Amino acid sequence: MQTRAKNNIHKPLTKLNLHTMLSQHSNLEPTTSTQALKDPKWHQAMSDKFNALIRNGTWQLIPANSTQNVVGYKWIFRTKRHSDGFIDRYKARLVAKGFHQRAGVDYYDTFNLVIKPTTIRLVLSIAISSRWTLRQLDVNNAFLQGALTKHVYMHQPPGFIDKDFPSHVCKLQKAIYGLKQAPCTWFHELRTFLLQSGFHNSHVDTSLFVLHLGQHLIYVLVYVDDLIIIGDDIHLVNRFIDLIANRFSLKDLGQLSYFLGIEILPTKQGFLLSQRRYLLDLLTCTHMNEAKSIFTPLPSGTTLSLHSGDVLPDPTEFCSVMGSL
């Protein structure tokens, strides 16, 4: 039986130590597995993830042959932080290159479960006005909960190649991150559990589940592997969290404090929604964390046209920054 891990709850700081946060941001994530393997803390994060995949029976090694469509992989590195900006842990994730998959060969259905912004605002407004309990859960290795129905093969990741079978490939048993069908299989497992537990799936937003138990209500909002639990009875909410923790490996993040890049800060009037941390990350990524602040984004009186300035040789970074804004 799996148990949920209880995290310490860190209350948001009333004053931000900007120098400390920016100095921590200077230690950026590695961009390649070669860089990460040279850094002890990231190497340990990779080892922890790899061992978790092995314990979960994510794949089995089989001989390679010419009939297999073998997909590639990529390591993704993220520094997870508390709502106050301080480092919580270093996280490495092994992701399959789903664009190597072929439709009808190693996948069929694809979709990603993302709660609609309108639903989030509506449910949060109900919870705040009624002073209901707001809890946040993180499902550990969520996509690995779903079993694959198609044969998918992946190369062994460098640094963790089996010395006895170096030329073998991984035949995936579970839906690893990056596979086109991974979100679909995970959502099917979660939805089946919630429906069996008495929840009803919203027809307007499939990422919203509602439980009516007598005079009490529980809402579950799903954003990939993040769950927001909202209810009018704290004891009923705790009982439900214990129930779902017996089915999935969870990390209980306590009261809702940070979700989709937005900090939820409690006040006497309700909650303050802030994107301070998100903006600090954006400033650091664009190397503007030391820039002086101004009141307007452009000098007043500036005239822009489609033909002014020089064409960027590579617009990737510009497009990424515009998308973040």
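Residues numbered from 1 in each chain as written. Predicted model: local features only at pLDDT ≥ 70, side-chain atom pairs only at ≥ 80, totals over all residues. Heavy atoms only, no water.

Caption draft 1: Looking closely at the nonpolar core. By size, the foremost hydrophobic cluster in this structure holds 53 residues, and its most contacted members are Trp59, Met154, Ile176, Val220 and Ile244. Among all residues touching Trp59, those that are not within four sequence positions of it are Phe50, Leu53, Ile54, Leu94, Met154, Cys170, Lys171, Leu172, Gln173 and Ile176. Counting 17 residues, the second largest nonpolar core, distinct from the first, contains Ile115, Trp132, Val210 and Leu256. (Core = buried A, V, L, I, M, F, W, Y, C linked by side-chain atoms within 4.5 Å. Buried < 20%, exposed > 50% of the residue type's maximum accessible area, 1.4 Å probe, protein only. Contact = heavy atoms within 4.5 Å.)

Caption draft 2: Representation of the side chain of Asp138. Its location among the elements puts Asp138 in strand β6 (residues 133-139). Buried within the structure, Asp138 lacks any salt-bridge partner; Arg89 is the closest side chain of opposite charge, at an N-O distance of 4.3 Å. In this view, Asp138 contacts Arg89, Asp225, Asp226, Ser249, Leu250, Lys251 and Leu253; residues no more than four positions away in its chain are not counted. (Helix = DSSP H or I, 4+ residues; strand = E, 2+ residues; numbered from the N terminus. Lys, Arg positive; Asp, Glu negative; His and termini not counted. Salt bridge = Lys/Arg side-chain N within 4 Å of Asp/Glu carboxyl O.)

Caption draft 3: Spotlight on the pattern of salt bridges. Overall, the coordinates contain five salt bridges when judged by the stated rule. Close ionic contact of Arg135 with Asp252 constitutes a salt bridge, the shortest N to O distance being 2.8 Å. With Arg135 in strand β6 and Asp252 in strand β13 (residues 250-255), this pair connects stretches of sequence that are 117 residues apart. By the burial criterion, Arg135 is buried, and Asp252 matches it. The partner of Glu189 in a salt bridge is Arg247, with the nearest N and O atoms 3.0 Å apart. Of this pair, Glu189 sits in helix α5 (residues 182-196) while Arg247 sits in the loop between α6 (234-245) and β13, and the two are 58 residues apart along the sequence. Given a relative accessible area of 23%, Glu189 falls into the partly exposed group. Exposure remark for Arg247: the relative accessible area of 31% places this residue in the partly exposed category.

Caption draft 4: Broad picture of the sheet that holds strand β3 (residues 70-71). Read from one edge to the other, the open sheet built from four strands follows the order β2-β8-β7-β3, with strand pairing classed as mixed. Because the sheet does not close on itself, it has two edges, and the strands there are β2 (59-62) and β3. In the sheet, strand β7 (residues 153-154) pairs with strand β8 (residues 169-172) via two bridges, with the strands oriented antiparallel. Each residue of the ladder has a partner; that of Tyr153, found in β8, is Lys171. (Pairing = 2+ DSSP bridges.)

Caption draft 5: Examining the packing of aromatic side chains more closely. Within this structure, the stated rule accounts for 11 aromatic pairs. A centroid spacing of 5.9 Å and a plane angle of 45° characterise the contact between Trp75 and Phe160, whose relative ring orientation is tilted. Linking Trp75 in strand β4 (residues 73-81) with Phe160 in the loop between β7 and β8, this pair joins segments that are 85 residues apart in sequence. According to the relative accessible area criterion, Trp75 is buried, its value standing at 4%. (Phe/Tyr/Trp six-rings, centres within 6.5 Å; stacked < 30°, edge-to-face > 60°.)

Caption draft 6: Focus on the sheet that holds strand β16 (residues 271-274). Spatially, β14-β15-β16 is the arrangement adopted by the three strands of the open sheet, whose pairing is antiparallel. Because the sheet does not close on itself, it has two edges, and the strands there are β14 (258-259) and β16. Summarising the sheet, strand β15 (residues 262-266) and β16 pair through four bridges and their orientation is antiparallel. Pairing of Leu265 across the sheet is with Leu272, part of β16.

Caption draft 7: Molecular detail of the environment of Phe248. Considering the arrangement of structural elements, one finds Phe248 in the loop between α6 and β13. Judged by relative accessible area, Phe248 falls into the buried class, the value being 0%.

Caption draft 8: Spatial organisation of the environment of Trp132. Note that Trp132 resides in the loop between α4 (117-130) and β6. Along the chain, Trp132 and Leu217 lie 85 residues apart, while their C-alpha atoms are 9.9 Å from each other. Every residue in contact with Trp132, bar those within four places of it in the chain, is listed here: Ile126, Ala127, Leu217, Tyr219, Ile230, Gly231 and Asp232.

Caption draft 9: Layout of α5. Its 15 residues give α5 an end-to-end C-alpha distance of 22 Å, which sits within 8% of 21 Å, the value for a rise of 1.5 Å per residue. Within the sequence span of α5, burial applies to Ala182, Pro183, Cys184, Thr185, Trp186, Phe187, Leu190, Phe193 and Leu194. Taken together, the buried residues of α5 touch β6, β9 (200-201), β10 (208-213), β11 (216-223), β12 (226-231) and α6. (Expected span 1.5 Å × (residues − 1).)

Caption draft 10: Local environment of the confidence of the model for the protein. Looking at the protein, the pLDDT average stands at 81 and 88% of residues meet or exceed 70. Here residues 1-26 is modelled with pLDDT under 50, and outside its nearest four sequence neighbours on either side it reaches 53 contacts, counting other chains as well. (pLDDT = per-residue confidence, 0-100.)

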